[in-house]
Amino acid sequence: MLIDITQELFHCRVYPGDPQPERIRLQSLENGDSCSLTGFRMCAHNGTHADAPCHFVPNGKTLDQMGLEPFVGAADAGAAQRILIAGKATVTEEAAGVFASAKLLLLGNESQTVGPEDAPRQVHLILLGAECVLLEGIVLDGVEEGRYFLSAAPLNLGGCEGAPCRAYLIPLS
């Protein structure tokens, strides 16, 4: 069973000030064209997306430099929650420090940014500075605590600080 945890791109939530993704109909069978062809315009941080260290860290790695390891593999839907309980923190600067110390490869969250929406910079600096990739804008409605195989590889946008992902989970026995 596959559990899609990706937002639909054209109707997704966007971070305040970011542009809403736009679908552009380039060709259409209905208009007599030889095929249907869609283009789009968007920010690399729209919808379900990954943040690389260079998003906030000077000389930090780009997504293509991070490799696929953080984005594909075993994931524990309860691990972050247990670390937070152990650290007695929420996703604040304190919690980011706990996650960074735990050497998390990837931290996923449902909002369009990690940390306070009105001031996410410090949380990003701590996590991305520890090369913990951020998977933002996932949809966890109905996902139960447990162990999963995660696939959330970002598009290969060479040299970029962010990219959209198609993220899904496979329950592990």
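Up top is the structure.
These notes cover the structure that comes with them. (Residues numbered from 1 in each chain as written. Predicted model: local features only at pLDDT ≥ 70, side-chain atom pairs only at ≥ 80, totals over all residues. Heavy atoms only, no water.)

Comments concerning the overall build of the protein
Within the protein, the regular secondary structure consists of four helices and 10 strands. Starting at the N terminus and ending at the C terminus, the protein contains elements arranged as β-β-β-β-α-β-α-α-β-α-β-β-β-β. At 17 Å, the protein has a C-alpha radius of gyration in line with the 16 Å of a compact globule built from 173 residues. Dimensions along the principal axes, computed over C-alpha positions, put the protein at roughly 60 × 40 × 30 Å. For the protein, the proportion of its 173 residues judged to be buried stands at 39%. The contacts in the protein between residues at least 6 apart in sequence include a share of 65% that link residues at least 24 apart. Taken as a whole, the protein presents about 9,600 Å² of accessible surface, with 54% of it coming from carbon and sulfur. Across the protein, 11 positive and 21 negative side-chain charges occur, with their mean positions spaced 3 Å apart. (Helix = DSSP H or I, 4+ residues; strand = E, 2+ residues; numbered from the N terminus. Rg over C-alpha atoms; globule rule 2.2 N^0.38 Å. Buried < 20%, exposed > 50% of the residue type's maximum accessible area, 1.4 Å probe, protein only. Contact = heavy atoms within 4.5 Å. Areas by Shrake-Rupley, 256 points an atom, 1.4 Å probe, with all protein chains shown as cover. Lys, Arg positive; Asp, Glu negative; His and termini not counted. Charge placed at Lys NZ, Arg CZ, Asp CG, Glu CD.)

Section: the pairing of strand β10 (residues 168-171)
Where strand β1 (residues 3-4) meets β10, two bridges bridge the pair, whose relative direction is antiparallel. Among the inter-strand pairings, Ile-3 is bridged to a residue of β10, identified as Leu-169. When strand β8 (residues 147-151) meets β10, the two strands line up antiparallel, connected through four bridges. In the sheet register, Ser-151 faces β10, and the bridge partner there is Tyr-168. (Pairing = 2+ DSSP bridges.)

Let's talk about the packing of helix α3 (residues 93-101) against helix α4 (residues 121-129)
Direction vectors running N to C along α3 and α4 enclose 10°, while the axes themselves pass 9 Å from each other. The pairing of α3 with α4 is recorded here as roughly parallel in orientation. Residues Glu-93, Ala-96, Gly-97, Phe-99 and Ala-100 of α3 form the contact with α4, whose own contacting residues are Gln-122, Val-123, Ile-126 and Leu-127. Of the residues contributing to the contact of α3 with α4, the split by class is six nonpolar, two polar and one charged. (Axes fitted to C-alpha atoms, helices over the stretch in contact; angles between N-to-C directions. Parallel < 35°, antiparallel > 145°, perpendicular 65-115°, else oblique. Nonpolar A, V, L, I, M, F, W, Y, C, P; charged D, E, K, R; others polar.)

What about α3?
If you check which residues of α3 are buried, you get Ala-95, Ala-96, Phe-99 and Ala-100. Looking straight down α3, one finds that the buried residues subtend no more than 140° of arc, so they occupy a single side. Among the exposed residues of α3, those oriented more than 90 degrees off its buried face are Glu-94 and Ser-101. Positive backbone phi, approximately 60°, marks Lys-103, located one or two places after α3. (Arc of directions from axis to C-beta.)

A word on unusual backbone geometry
Most peptide bonds adopt trans geometry, and most residues besides glycine take a negative phi value. Not every positive phi belongs to a glycine, and Lys-103 is a case in point at roughly 60°. Locating Lys-103 in the fold gives a position in the loop between α3 and β6 (106-109). You can call Lys-103 exposed: its relative accessible area is 68%. A positive phi angle, near 60°, is found at Glu-131, a position not held by glycine. Take Glu-131: it is sitting in the loop between α4 and β7 (133-136).

Points about the pairing of β7
Here β7 shows a buried face lined by Val-133 and Leu-135 and a second buried face lined by Leu-134 and Glu-136. Inspection of the sheet shows β6 paired to β7 by four bridges, in the parallel sense. Within β7, the position partnered with Leu-107 by the bridge is Leu-134. In this fold, β6 hands off to α4, which returns the chain to β7; that crossover is right-handed. (Right-handed = clockwise from strand over helix to strand, strands pointing away.)

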